[in-house]
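# Tertiary structure, described
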Amino acid sequence: MELHKEIARRKTFAIISHPDAGKTTLTEKFLLFGGAIQTAGAVKSNKIHKSATSDFMEIEKQRGISVATSVMGFEYGGKRINILDTPGHKDFAEDTYRTLTAVDSVILVIDCVKGVEEQTGRLMEVCRMRHTPVIIFINKMDREGRDPFELLDELEHKLEIQVRPLTWPISQGQSFQGVYNLYENSLDLFRPGSSKINENLISISNPLDPELEKWVPESHCCKLRDDIALIEGVYELERELYRDGLLAPVFFGSAVNNFGIRELLETFLAIAPSPEKREAEERMVLAEETPMSGFVFKIHANLDPNHRDRTAFFKICSGRFERNRFYTHTRLQKKVRFSSPTHFMANEKSIIDDAWPGDVIGLYDNGSLKIGDTLTEGEELHFRGIPSFSPEIFKALENRDPMKQKQLDKGIRQLTEEGLAQLFIQFGNRKIIGTVGELQFDVIKFRLEHEYNAQCDFSPLRYHKAFWVTGTNEEMLEEFLRRKSGAIALDRDEQPVFLAESEWMLKVAREDYPELQFHTTSEFSGTL
């Protein structure tokens, strides 16, 4: 009974967006509503004057961007809410992809001025692939932006999903009046420059209520009524379509002004799913099953700069997790227990005695946990969906201080185990770093110097893409690895990887070795 009760009150979701759409600001306003923080950070001119709560790494504070997923939990309205704030920058997309395996729903933030941007579309592809329910928040309505109906059309076309507005803006930019809540028939008036939670909620029986004209200029009332009539005639809300990831409710507001957030948060809590089930290789695992199970989707070294720790982010899929209880590490086939499991509040942690399905907890790790590892009460389970993808940029790691080789080796191993980049090792211990963007190399260099006291450089390599190589013909596989040894490396799990210099080189390899398979992900299942 307790298990079902705890599951029902949990909501675990990620906030995703293109950079600068207001994702981290929205995260902080949620925390403000939940009483988890008293003031929010401010990001101006790409410099953080008062560091954002979810951006705890030094390089994030300097650059004013999120480069790692952070986890925050708080209570609101009797619910336990777990937010995963993801990097918006495309160079850190793989961290976001992995994070999406650990959530039950998503809030997608759109800039009303820029509309749907390239990275937004890629993130939506991952949500569609996993049928993740999505709510859309159109931000920055206090600025002169695109027409709301035009934005709705663009959302449906570019994101390939039906939409249904649940709040509707009354004008925008300098004449922005507020939003009308279509879900609850209430009016929320906008007061610019407010740093407090907005309390200007006015109950309206329906849009035709004369009470509306007491608060909104007549010209805006007429347009609002026309807009709502059109919305009610064109857009439908079916909760099951939302739960299946086929329809996205849409909200309008201004995160920096704490405006439109209450409607978004409370409607989200009313319609978003609680933890239900998770697919493992062996079977479907239901959240209400009594035996505990879960998986590691992220590892972060040095979360606390005062202690050189290593924390695994663990998503509980079923049962009750208990402190100091022994669980089975299915990859290593050994028993493990954790004396100090923690809940997160950005970089603040508190030790807990238990946790439930939907919760994301931190497990202190001595190096035995890897991304994708499963813990159970004995059953052989392996949860799916956390592969490595082929990088787009490859560079050789060069040590600038031979006296610090051990520090460099330890640092690059831990940072790549976090999923920040991929490490490939060639014959002679040559280390190659693969990423999806240049910014990752800046982060690696910065963190190696400031967290491990190691200095490095990177030299560009002319590889096109990495391919994991498998084959049932062992003789052919051995011959290929021998003849192509200059372009072969081992990944972190010591799987052979072919570093192709071009599409033509891959084509030739496939023709010469027809019984071998060349995979673009480490799970050997193709690509996103």
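Not measured: the values here are computed from a predicted model. (Residues numbered from 1 in each chain as written. Predicted model: local features only at pLDDT ≥ 70, side-chain atom pairs only at ≥ 80, totals over all residues. Heavy atoms only, no water.)

## Details of the pattern of salt bridges
The tally for this structure, following the rule as stated, stands at 27 salt bridges. Across the pair Glu289 and Arg283 runs a salt bridge, and its minimum N-O distance is 2.9 Å. A residue is classified by how much of its surface remains accessible, and Glu289, at 18% relative accessible area, is buried. Look at Arg283 and you get partly exposed, because its relative accessible area is 30%. (Salt bridge = Lys/Arg side-chain N within 4 Å of Asp/Glu carboxyl O. Buried < 20%, exposed > 50% of the residue type's maximum accessible area, 1.4 Å probe, protein only.)

## Some points on the confidence of the model for the protein
Summing up the model confidence of the protein, the mean pLDDT is 83 and the portion of residues at 70 or higher is 85%. Low confidence marks residues 42-51, where pLDDT is under 50. Its contacts with residues over four positions away, or in another chain, come to 20 contacts. (pLDDT = per-residue confidence, 0-100. Contact = heavy atoms within 4.5 Å.)

## Some details on the nonpolar core
The nonpolar side chains of a soluble globular protein tend to be buried with one another. Grouped together as the largest cluster of nonpolar side chains are 59 residues, with contacts concentrated most on Ile136, Ile138 and Leu155. Tallying contributions element by element places helix α6 (residues 148-159) first for this core, with five residues. Ile107, Ile135, Ala255 and Leu269 belong to the second-largest nonpolar core, a separate cluster that totals 27 residues. (Core = buried A, V, L, I, M, F, W, Y, C linked by side-chain atoms within 4.5 Å. Helix = DSSP H or I, 4+ residues; strand = E, 2+ residues; numbered from the N terminus.)

## Notes on the packing of aromatic side chains
The tally for this structure, following the rule as stated, stands at 18 aromatic pairs. Seen in terms of ring centroids, Phe394 and Phe424 are 6.4 Å apart; in terms of plane orientation they differ by 40°. Their pairing is tilted. With Phe394 in strand β26 (residues 393-399) and Phe424 in strand β27 (residues 422-426), this residue pair connects regions lying 30 residues apart in the sequence. Given the relative accessible area of 2%, Phe394 is considered buried. Each residue in the set Phe314, Phe321, Tyr327 and Phe338 is aromatic and connected to the rest through ring pairs, giving one cluster. In this structure, Lys298 packs its charged tip against the face of Phe313, placed 5.9 Å from the ring centre. For the cation-ring pair, Lys395 lies above Phe441, with the distance from its terminal atom to the ring centre recorded as 4.7 Å. (Phe/Tyr/Trp six-rings, centres within 6.5 Å; stacked < 30°, edge-to-face > 60°. Lys NZ or Arg CZ within 6 Å of the ring centre and 35° of its normal.)

## Describing helix α5 (residues 118-129)
The terminal C-alpha atoms of α5, which comprises twelve residues, lie 17 Å apart, in line with the 16 Å expected from a rise of 1.5 Å per residue. Within α5, burial applies to Gln119, Thr120, Gly121, Leu123, Met124, Val126 and Cys127. Positioned one or two residues after α5, His131 has a phi angle of 55°, which is positive. (Expected span 1.5 Å × (residues − 1).)

## Concerning the environment of Glu75
Tracing the chain through its elements places Glu75 in strand β4 (residues 70-76). What makes Glu75 partly exposed here is its relative accessible area of 38%. Contacts of Glu75, omitting those with residues within four sequence positions, involve Arg9, Gly34 and Arg80. Among the polar contacts listed, one links the side chain of Glu75 to the side chain of Arg9, at a separation of 2.9 Å. (Polar contact = N/O pair within 3.5 Å; in protein donor to acceptor, adjacent residues only side chain to side chain.)

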